[in-house]
Amino acid sequence: MHPDSLAVHAGRDDLRRLGVHALPIDLSTTYPFESLDDAVGSLDAMMAGGGPTETGGPVYSRLYNPTVGRFEAGLAALEGADAAVAFASGMAALTAAFLAARTESQSHVVGVRPIYGTTDRLLSSGLLGMSVTWTDADGVADAVRPDTCLVAIETPVNPTLDLVDVAAVAQAAGDVPVLVDSTFATPVVQQPLALGAAMVMHSATKFIGGHGDVLAGVVACGDAWAARLRQVRILTGAVLHPFAAYHLHRGLATMPLRVRRSQETATALAARLAERDGVGAVYHPSVDGRDPAGLVGTQMSGPGPMLAFEVLGPDGRADGPGAFAAAGGFLRALGLVTPAVSLGSTDTLAQHPAGLTQRVATGEGGLITAGLVRVSVGLEDADDLWHDLDQAIAAGRTAAESA
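Everything numeric in this text was worked out from a predicted model, so none of it was measured.

## A few points about the overall build of the protein chain
Looking only at helices and strands, one finds 14 helices and 12 strands in the protein chain. Whereas a compact globule of 403 residues would reach a radius of gyration of roughly 22 Å, the protein chain reaches 22 Å, a difference of no more than 12%. With respect to the three principal axes, the spread of C-alpha positions in the protein chain is 75 × 50 × 35 Å. Carbon together with sulfur atoms contributes 53% to the accessible area of the protein chain, which is approximately 16300 Å² in total. Side-chain charges in the protein chain split into 25 positive and 42 negative, and the spacing between the mean points of these groups amounts to 4 Å.

## Observations regarding a nonpolar patch on the surface
On the surface, Ile25, Leu27 and Phe243 cluster together to form a nonpolar patch covering roughly 270 Å² of accessible area. Topologically, Phe243 is positioned in helix α11 (residues 242–252). We classify Phe243 as partly exposed; its relative accessible area is 43%.

## Remarks on unusual backbone geometry
For the bond running from Arg113 to Pro114, omega is 0 degrees, close enough to zero to count as cis. Looking along the chain, the bond that leaves Thr155 and enters Pro156 is cis, with omega of -10 degrees. Topologically, Pro156 is positioned in the loop between β4 (148–154) and α8 (166–173). You will see that Ser342, though not glycine, has its phi angle at about 75 degrees, which is positive. Relative to the helices and strands, Ser342 resides in the loop between β10 (338–339) and β11 (349–351).

## Observations regarding the packing of helix α12 (residues 255–274) against helix α14 (residues 382–402)
One way to put it is that α12 packs onto α14 with a least axis distance of 10 Å and a crossing angle of 35 degrees. At the point where α12 passes α14, the crossing takes the right-handed sense. Contacts between α12 and α14 pair Thr265, Leu269, Arg272 and Leu273 from the former with Ala382, Asp383, Leu385, Trp386, Leu389 and Ile393 from the latter. A breakdown of the residues in the contact of α12 with α14 according to their chemical character gives 7 nonpolar, 1 polar and 2 charged.

## Some points on the packing of aromatic side chains
The relation between two aromatic rings is expressed through the spacing of the ring centres and the mutual angle of the planes. Enumeration over the complete set of coordinates arrives at 2 aromatic pairs. Aromatic side chains Phe243 and Tyr246 sit 6.2 Å apart centroid to centroid with 20 degrees between the ring planes, which places their arrangement in the stacked category. A residue pair is termed a helical-turn pair when its members lie 3 or 4 positions apart in one helix, as Phe243 and Tyr246 do in helix α11 at 3 residues. When the ring centre of Trp225 is taken as origin, the NZ or CZ atom of Arg228, which lies over that ring, is 4.6 Å away. Lying over the aromatic face of Phe87, Arg233 brings its terminal NZ or CZ to 5.9 Å of the ring centre.

## What about the environment of Gln263?
Within the element layout of this structure, Gln263 appears in helix α12. Judged by its relative accessible area of 13%, Gln263 falls in the buried class. A sequence separation of 122 residues divides Gln263 from Leu385, and the C-alpha atoms of the two residues are 14 Å apart. In contact with Gln263, not counting residues within four places along its chain, are Val189, Gly302, Pro303, Gly304 and Pro305.

## Describing the sheet that holds strand β5 (residues 178–181)
Spatially, the 7 strands line up as an open sheet ordered β1-β7-β6-β5-β4-β2-β3, and their pairing is mixed. What marks the edges here is a single partner per strand, and that holds for β1 (83–87) and β3 (131–135). Between one strand axis and the next, the sheet turns through 20 degrees on average, direction left out of account. Direction of pairing for β5 relative to strand β6 (residues 199–202): parallel, over a ladder of 3 bridges.

## Points about the packing of helix α13 (residues 321–333) against α14
Contact geometry of α13 with α14 gives a least axis separation of 7 Å together with a crossing angle of 135 degrees. Compared by their axis directions, α13 and α14 come out oblique. Here the hand of the crossing between α13 and α14 comes out right-handed. Every residue of α14 that contacts α13 at Gly322, Ala325, Ala326, Gly329, Phe330, Arg332 and Ala333 is listed here: Asp388, Leu389, Gln391, Ala392, Ile393, Ala395, Gly396, Ala399 and Ala400. Of the residues that constitute the contact of α13 with α14, the class distribution is 10 nonpolar, 4 polar and 2 charged.

## So, the sheet that holds β10
Across the sheet, 5 strands lie side by side as β8-β9-β12-β11-β10; this open sheet has mixed pairing. In this open sheet, the two strands that pair with only one neighbour each are β8 (279–283) and β10. Looking at chain direction, β10 and β11 are connected through 2 bridges and run parallel. Counterpart to Thr338 in the pairing with β11 is Leu349. Running over the sheet, α13 touches β9 (306–311), β10, β11 and β12 (372–376) and is turned about 125 degrees from β9.

Cut-offs used in this document
Residues numbered from 1 in each chain as written. Predicted model: local features only at pLDDT ≥ 70, side-chain atom pairs only at ≥ 80, totals over all residues. Heavy atoms only, no water. Helix = DSSP H or I, 4+ residues; strand = E, 2+ residues; numbered from the N terminus. Rg over C-alpha atoms; globule rule 2.2 N^0.38 Å. Areas by Shrake-Rupley, 256 points an atom, 1.4 Å probe, with all protein chains shown as cover. Lys, Arg positive; Asp, Glu negative; His and termini not counted. Charge placed at Lys NZ, Arg CZ, Asp CG, Glu CD. Patch = residues over 30% accessible without salt bridge, like charges linked within 9 Å, V, L, I, M, F, W, Y side chains within 5 Å. Salt bridge = Lys/Arg side-chain N within 4 Å of Asp/Glu carboxyl O. Buried < 20%, exposed > 50% of the residue type's maximum accessible area, 1.4 Å probe, protein only. Axes fitted to C-alpha atoms, helices over the stretch in contact; angles between N-to-C directions. Left-handed = near helix turned anticlockwise from the far one by under 90°. Contact = heavy atoms within 4.5 Å. Nonpolar A, V, L, I, M, F, W, Y, C, P; charged D, E, K, R; others polar. Phe/Tyr/Trp six-rings, centres within 6.5 Å; stacked < 30°, edge-to-face > 60°. Lys NZ or Arg CZ within 6 Å of the ring centre and 35° of its normal. Pairing = 2+ DSSP bridges. Parallel < 35°, antiparallel > 145°, perpendicular 65-115°, else oblique.

See the structure below:
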C-alpha cells in the first residue's frame, strides 16, 4: 500500500475481529491465565525476545501490551521493517539500541558528529560501559575497529540540518550495523532501512506523536534486532505506557499530512530568511549549498519540516555575546511561535541549541553558534509565521544593541 494508506490502516488488523472501530486501550498490568504450562511457555517466548503465545497470553505488561504492540506494528509498516520496539522515551530507545548491540568482545561505537546533544553526552559519559570514537561521515571506515559493535548517525542532524548519506555510511561500516536517528525526517520523508541501516530510531515524542502530549521512543529493525531490543526493555523496564501508545498510533494516521504541510511551510520560511537582513546562515536542505550530495529526492522525499538560522548580533556576527543577546531577544519577542524545546508539534516551536539542547554535548566545539535558533515548523499559516519571525528578528537586534 501507499504510505498514506499504511499510516491509516497499519497495526489495526485485529480491530474487525474485536468488533471495534476506534483503537482500544488495554490498561491491564497483569493478565490471568488458564494453564500454568501455557503461561510458562508464553513467559519463556517473551523473555527470548518474541511475543506472547496465543494460549499463554501476555502474563505481565512489562513483557507485552497489545495496545503498544499495535502501534509498533503500524510504525514498522511505515518504515518497511520486520518489527518495531517502543520505549518510554527517545533516549530509552537509543540506550536500548546501544545495549542490544554490545557484546563481551565488542563494546566500541563509532559516532558521527554533529549529533543530538544528549546522545553525544550518553556515549561520551561511559555510562553504558562502551567506548566511542567520534568522527565525521567521511571518517567512518577509518574509525571502525574489530571491537566496533555499532555506527551511530543522525540525519538530518540536530540542530544544523546537515544531511548524512546513509547508504555511503552503511557501505563504509562494512559488517558493522548502522543505527540512524531519523527523528527529524520521520518515515514520511526517509526510510533508512532501505538504504542499508540495521536500526532506525525515532523520538516518537516529536512528529510521530505530533501534538506535544506524549513522551516515547521507538526503534524499527529486523526481527533479530527486535528480539534483542525486547530483552533489554524487559530487563530495564523502559516500557511505553499503553495510553501513550494509543496517542502515538492515533497520530500515525495524520502524520503524512502534518509532516508534508510543515515541510512546505519550512521551505517557504527558509527562502525568506535567506534574504532577511540580520540573519546569518540558514540551515534547511532546500537552501543553496545545504544539500551538496543531492540527497533530497534520492535518500529523502523532501527537505523536511525543521529549519535553523543564525540571528546576528549588532556587530554582524553570529557568535559572541552580541549574537547570544540577539537570540535571547528574538525568543522573548515571539508571539505566535512558542519558545520551547522539543519539536514536531502542531504549533511552531523555537529554541536556542547552544543554550539548551546542545549544551549537554561534550564535544560540539564550533559546530554551532551563539546566534543559532532552531525552529520546528507547525501547521500555522506561512505568512502569519513569517510576520512573527520577522518582527522578532528586529526586536532581538534592538535588545542586543541596548544590552
